[in-house]
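A look at the structure
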Amino acid sequence: MGKTPIYLDHNATTPVSPTVLDEMLPWLSRAFGNPSSGHFYGKQAKQAVLEARARVALLIGAQPDEVVFTSGGTESNHLAILGSVRASARDRVLVSVVEHPATMSAAEAAGPVDRADVDGRGSLDLDVLRVTDRHAVVSVMHANNEPGAVNDLAAVSQRCRAVGATLHSDAAQSAGKIPIDVDAMGVDLLTVVGHKMYGPKGV
């Protein structure tokens, strides 16, 4: 009874790796500047943020100035989906039926929601996918944490582009595990979560 159980739920979260912890420790102790401050400590922190942004951009094939840090996946999904609807004259959101609750709740808060079916493997069923000119944003996860299905986002993007809809993808389960290139995939907005790939929670 006193033995520690073996942890096998790395799709839910991962422990912080020793390498990540080593990089974090100076910023949790002696390096404490506000990156918006103009003094030495602020400039030091600003440089660290710029370097972190460049690393994330490299991971997903983006430009550093396209990377926005948030407090986690839920905030990122809400920012992407609600922001897309509020910036559009359109009112509908299209999501797959297997999206994470964070995506579903954001879609439901944004406006009327349409749900796209998946096939027997858990991938988006492209044969029945209908993106219309009423959809402000389409949100489809890149990889499903349960069956492991990986969606063909480039194919979804073509349909979004044809009607001027924004494509968002929650890549929490795929980033750091399989290659991602947002330009090649045609993804407008992508959610990446640090604690799914040995980073800290809250980023």
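Residues numbered from 1 in each chain as written. Predicted model: local features only at pLDDT ≥ 70, side-chain atom pairs only at ≥ 80, totals over all residues. Heavy atoms only, no water.

Next up on the list: the overall build of the protein. Helix and strand counts for the protein come out as six helices and five strands. Counting helices and strands in the order they occur from the N terminus, the protein gives α-α-α-β-α-β-β-α-β-α-β. Each of the three principal axes of the protein carries a C-alpha extent, and together these read 55 × 55 × 30 Å. Long-range pairs, those at least 24 residues apart, make up 57% of the contacts in the protein with a sequence separation of at least 6. Accessible surface, the protein: about 11,500 Å² in total, of which carbon and sulfur atoms supply 56%. Of note, the protein has its 18 positive side-chain charges centred 5 Å away from the centre of its 22 negative side-chain charges. (Helix = DSSP H or I, 4+ residues; strand = E, 2+ residues; numbered from the N terminus. Contact = heavy atoms within 4.5 Å. Areas by Shrake-Rupley, 256 points an atom, 1.4 Å probe, with all protein chains shown as cover. Lys, Arg positive; Asp, Glu negative; His and termini not counted. Charge placed at Lys NZ, Arg CZ, Asp CG, Glu CD.)

Let us now look at the layout of surface pockets. Each pocket or cavity is described by its volume, and for the largest pocket that value is around 1,800 Å³. Every residue lining the largest pocket is counted, 46 residues in all, and those nearest its centre are Ala-52, Val-56, Val-67, Phe-69 and Val-203. In terms of residue count, helix α2 (residues 40–60) provides more of the lining of the largest pocket than any other element does, eleven residues in total. Here the lining of the largest pocket is composed, by residue class, of 30 nonpolar, ten polar and six charged. The calculated volume of the second largest pocket comes to roughly 240 Å³. Forming the boundary of the second largest pocket are 14 residues, of which His-100, Asp-170, Ala-172, Gln-173 and Lys-196 lie nearest the centre. Here the lining of the second largest pocket gets three residues from one element, more than from any other, and that element is helix α3 (residues 73–86). When the residues that make up the lining of the second largest pocket are grouped by side-chain class, the tally is five nonpolar, seven polar and two charged. (1 Å grid on protein atoms, 1.4 Å probe; cavity = no way out; pocket = protein on both sides within 12 Å on 5 of 7 lines; lining within 4 Å. Points joined across faces, edges and corners; volume = space filled by probe spheres on them. Nonpolar A, V, L, I, M, F, W, Y, C, P; charged D, E, K, R; others polar.)

Honestly, that's just the spatial picture; any functional story needs more than this.
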